[in-house]
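These are the residues of each chain, in order.
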Amino acid sequence: MIQDTINLIVNRYRKLGYKVKNIKWRIVESFAYSVLAPLSSEKTNDIISIDDAAFVDLKNNKAAQMFYLAHEIAHCATDANHGDKSFEEA
């Protein structure tokens, strides 16, 4: 389940010293949100939006969940974007 993977990753970040909120997820349609971001984190850093097509690919693929969700949770943990040193370290 997606939420179980999110919780696992959040706990790993917390063990590394990051202050991470409890993160939830939701399914969105990318054409209404952003065609370039099948996964994205909200500015509140506590919700990850997953495109409905990306969800189909992620829902039964634990390795993909660990990779892509860890990336989004790094945004939440650091409140930083690509290229920022704190994001890259996370």
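In this report, the structure presented in the accompanying data block is examined. Computed from a prediction, not measured in an experiment: that's the story for all the values here. (Residues numbered from 1 in each chain as written. Predicted model: local features only at pLDDT ≥ 70, side-chain atom pairs only at ≥ 80, totals over all residues. Heavy atoms only, no water.)

Side note on the pattern of salt bridges
Logical step 1: Following the criterion strictly, the structure yields two salt bridges and no others.
Logical step 2: Glutamate 42 is paired through a salt bridge with arginine 26; the nearest N and O atoms lie 2.9 Å apart. Here arginine 26 lies in strand E1 (residues 24–28) and glutamate 42 lies in the loop between strand E2 (39–41) and strand E3 (47–51), a separation of 16 residues in the sequence.
Logical step 3: Of the residues examined, arginine 26 reaches a relative accessible area of 35% and is grouped as partly exposed.
Logical step 4: The partner of glutamate 89 in a salt bridge is lysine 85, with the nearest N and O atoms 3.9 Å apart. (Salt bridge = Lys/Arg side-chain N within 4 Å of Asp/Glu carboxyl O. Helix = DSSP H or I, 4+ residues; strand = E, 2+ residues; numbered from the N terminus. Buried < 20%, exposed > 50% of the residue type's maximum accessible area, 1.4 Å probe, protein only.)

Brief notes about the sheet that holds E2
Logical step 1: What the three strands build is an open sheet, ordered E1-E3-E2; its pairing is mixed. The strands lining the two open edges of the sheet, one partner per strand, are E1 and E2. The sheet shows a mean angle of 25 degrees between the axes of neighbouring strands, taken without regard to direction.
Logical step 2: Judged from the three bridges that link them, E2 and E3 form a sheet pairing that is antiparallel. Its bridge partner lying in E3, serine 41 is registered against isoleucine 48. (Pairing = 2+ DSSP bridges. Axes fitted to C-alpha atoms, helices over the stretch in contact; angles between N-to-C directions.)

Digging into the pairing of E3
Walk down a regular strand and you will see the side chains alternate between the two sheet faces.
Logical step 1: Here E3 lies mainly inside the structure; four of its five residues are buried.
Logical step 2: For E1 and E3, the ladder comprises five bridges, and the chain directions are parallel. Bridge assignment links valine 28 to a residue of E3, and that residue is aspartate 51.
Logical step 3: Between E2 and E3, which pair antiparallel and follow one another directly, the connecting turn spans five residues, one of which, asparagine 45, has a positive phi of 60 degrees.

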